[in-house]
Amino acid sequence: HARTALDSWADLLRNPQWTGIVTLDPPRRVTSQDEPLWCTDASSTGIGGFCPSQKLYFTAHVPEHAQVLHINLLELLAVRVGLAVFSSPGSSILAGCDNQSAISWFNRGGCSTNIANATSVNAICRDINRRLMDSHCSMYLAYITTSANVKADAASRHDLSHLEGLTRVPIPSDAWTF
């Protein structure tokens, strides 16, 4: 694993377009006609996500040790899980989220250090970017309204009645670590 990580960094450092902040393609303009490939949500009780093209969803209860996390951090963790369960290597991803802070932090590559939870926010953003780099993916996180995020919202609240006919996928074992 260490050799793979070092090789990834060496490739990154040889890339003349790398800014030192993010490892993603520049954000593209998202229009109202664009449909996210998948979307995620978080609530006080859990995280969830929905991938319409594959008819898949994930849901997970927030473990006791993570119940102290701010909702914005839970939203970022849901995005990280969405990347792990819904994305294929080499893909260009438009993902949806209804939390403006999480979207802004991810698309900027993190947040300033003068806000509460900055260390955790930046750790999660770095982890998502590392996962994107390792799988040769690029991702842009776009805002979707809560009303358009009904299935991911239902998954985050464990309301399975809104998820009938869909297949539940397991979440990675490291979903709550960053």
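Residues numbered from 1 in each chain as written. Predicted model: local features only at pLDDT ≥ 70, side-chain atom pairs only at ≥ 80, totals over all residues. Heavy atoms only, no water.

Caption draft 1: A look at unusual backbone geometry. Its identity as a non-glycine residue notwithstanding, Lys55 has a phi of 55 degrees, on the positive side. In this structure, His158 takes a positive phi of about 65 degrees despite not being glycine. Note that His158 resides in the loop between α5 (150-156) and β6 (167-168). Since its relative accessible area comes to 21%, His158 is described here as partly exposed. (Helix = DSSP H or I, 4+ residues; strand = E, 2+ residues; numbered from the N terminus. Buried < 20%, exposed > 50% of the residue type's maximum accessible area, 1.4 Å probe, protein only.)

Caption draft 2: Spotlight on the packing of aromatic side chains. Counted according to the given criterion, the structure contains 2 aromatic pairs. Pairing Trp38 with Phe86 gives two aromatic rings, centres 6.0 Å apart and planes at 50 degrees, and the pair type is tilted. Placement of Trp38 in strand β1 (residues 38-42) and of Phe86 in helix α2 (residues 71-86) is noted, with a sequence separation of 48 residues between them. Residues Trp38 and Phe86 agree in their burial class; the two are buried. Relative to Phe86, the ring of Phe58 lies with its centre 5.7 Å away and its plane at 40 degrees, an arrangement referred to as tilted. Remark: Phe86 occurs in helix α2 and Phe58 occurs in strand β3 (residues 56-61); sequence separation between them is 28 residues. With respect to class, Phe58 is no different from Phe86; both count as buried. Through successive ring pairs, a cluster of aromatic residues spans Trp38, Phe58 and Phe86. (Phe/Tyr/Trp six-rings, centres within 6.5 Å; stacked < 30°, edge-to-face > 60°.)

Caption draft 3: Layout of the pairing of strand β4 (residues 92-97). Burial of β4 is extensive: 5 of the 6 residues sit out of reach of the surface. When β1 meets β4, the two strands line up parallel, connected through 2 bridges. By the bridge assignment for β4, Trp38 is matched with Ala95. Pairing of β4 with strand β5 (residues 138-143) involves 6 bridges; the strand directions are parallel. By the bridge assignment for β5, Gly96 is matched with Ala142. (Pairing = 2+ DSSP bridges.)

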